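Letter by letter, the chains look like this.
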Amino acid sequence: HAAFKPVGGEWEAPAELSAEGGNSFPSDVVFDTGGNAALVWQRWDGTSNVVQASYRPAGEDWEPAVDLSEEGRQGMDAVVVLDAPGDSTAADGHATAVWVSEEDTCSGSGEPCNSDVVQAAGYDPDGLPEVELEIPATGTAGEPIEISTPTEKLFAPLLEFGDGESIADTEASHVY
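These notes cover the structure that comes with them. (Residues numbered from 1 in each chain as written. Predicted model: local features only at pLDDT ≥ 70, side-chain atom pairs only at ≥ 80, totals over all residues. Heavy atoms only, no water.)

## A few points about the overall build of the protein
Of regular secondary structure, the protein possesses 0 helices and 11 strands. Counted from the first residue to the last, the protein has its helices and strands arranged as β-β-β-β-β-β-β-β-β-β-β. Of all 176 residues assigned to the protein, the portion counted as buried reaches 27%. Considering only intrachain contacts with a sequence separation of at least 6, the fraction spanning at least 24 residues in the protein is 37%. Of the accessible surface of the protein, which amounts to about 11800 Å², a share of 51% is contributed by carbon and sulfur atoms. (Helix = DSSP H or I, 4+ residues; strand = E, 2+ residues; numbered from the N terminus. Buried < 20%, exposed > 50% of the residue type's maximum accessible area, 1.4 Å probe, protein only. Contact = heavy atoms within 4.5 Å. Areas by Shrake-Rupley, 256 points an atom, 1.4 Å probe, with all protein chains shown as cover.)

Structure (structure tokens):
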């Protein structure tokens, strides 16, 4: 749950952020100078810890929680920063969450051996940028097709081909 109290005002009614049926533990909450807030926490889903987050634009309600960590991996030690220092001097509501994700790489061996990676996700209060893909209207099975996307306003595009294959790049050649 989260509640907000404006300067000189009363506490608002608590907002339920995480889903029922599992324990949740807050990890980090931050505010920027514009009154925007971001919150990250760990939630036990019955199998693993899931890193979740919610965002509260200044003067509005908390947005629905989103799962940040990958399904089947243990998400932990989440932190969040809002409007990190940089070129901008105004509060614009951009948030970045970072956490550790752990995977059991020796499943069934009886020996504990895990692989830990640091993961991150960003939040843009203006939503995702609209991006046009440059792809042919038709293709032939077994022959490569060329796909590209302009990089303007994209930090790290992920092209997913719909058949389980993907590539993190702005150009690709793929065979179906």
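This is not the end of the story, as more comes after the structure.
## Re the sheet that holds strand E1 (residues 24–31)
Read across the sheet, 4 strands follow the order E1-E2-E3-E4 without closing on themselves; strand pairing throughout is antiparallel. In this open sheet, the two strands that pair with only one neighbour each are E1 and strand E4 (66–67). (Pairing = 2+ DSSP bridges.)

## Focus on unusual backbone geometry
Positive phi is not limited to glycine here, since Asp-77 has a value of about 55°. Mapped onto the elements of the fold, Asp-77 is located in strand E5 (residues 74–82). The class for Asp-77 is exposed, based on a relative accessible area of 54%.

## A look at the side chain of Ser-48
Mapped onto the elements, Ser-48 comes out in the loop between strand E2 (37–44) and strand E3 (49–56). For Ser-48, the contacting residues outside a window of four places in its chain are Arg-43, Gly-72, Arg-73 and Gln-74.

## Some details on the nonpolar core
Counting 12 residues, the largest nonpolar core is built from Val-30, Ala-38, Val-40, Val-51, Ala-53, Tyr-55, Ala-78, Val-80, Leu-82, Ala-95, Ala-97 and Trp-99. Excluding residues that lie within four positions of it along the chain, Trp-99 makes contacts with Val-51, Leu-68, Ser-69, Gly-75, Met-76, Asp-77, Ala-78, Val-117, Val-118, Gln-119, Ala-120 and Ala-121. (Core = buried A, V, L, I, M, F, W, Y, C linked by side-chain atoms within 4.5 Å.)

## Quick word on the pairing of E1
In this sheet, E2 lies alongside E1 in antiparallel orientation, the contact comprising 7 bridges. In the sheet register, Phe-25 faces E2, and the bridge partner there is Gln-42. Between E1 and E2, which pair antiparallel one after the other, the connecting turn spans 5 residues, and Gly-35 there sits at a positive phi close to 90°.

## Some points on the layout of surface pockets
Roughly 220 Å³ of internal volume is contained in the second largest pocket. Lining the second largest pocket we find 17 residues, and of these Ala-53, Tyr-55, Val-66, Leu-68 and Tyr-123 sit closest to its centre. Contributing elements (two or more residues each) for the lining of the second largest pocket: E2, E3, strand E6 (95–104) and strand E7 (114–123). Each residue belonging to the lining of the second largest pocket can be placed in one class, and the counts come to 13 nonpolar, 3 polar and 1 charged. (1 Å grid on protein atoms, 1.4 Å probe; cavity = no way out; pocket = protein on both sides within 12 Å on 5 of 7 lines; lining within 4 Å. Points joined across faces, edges and corners; volume = space filled by probe spheres on them. Nonpolar A, V, L, I, M, F, W, Y, C, P; charged D, E, K, R; others polar.)

## Let's talk about the packing of aromatic side chains
What the rule picks out here adds up to 1 aromatic pair. The interplanar angle of 35° and the centroid separation of 6.2 Å between the aromatic rings of Phe-4 and Phe-31 together place this pair among those described as tilted. Of this pair, Phe-4 sits in the segment before E1 while Phe-31 is found in strand E1, placing the two residues 27 residues apart along the sequence. Judged by its relative accessible area of 21%, Phe-4 is partly exposed. A cation over an aromatic ring shows up here: Arg-56 above the ring of Phe-4, its NZ or CZ 3.8 Å from the ring centre. (Phe/Tyr/Trp six-rings, centres within 6.5 Å; stacked < 30°, edge-to-face > 60°. Lys NZ or Arg CZ within 6 Å of the ring centre and 35° of its normal.)

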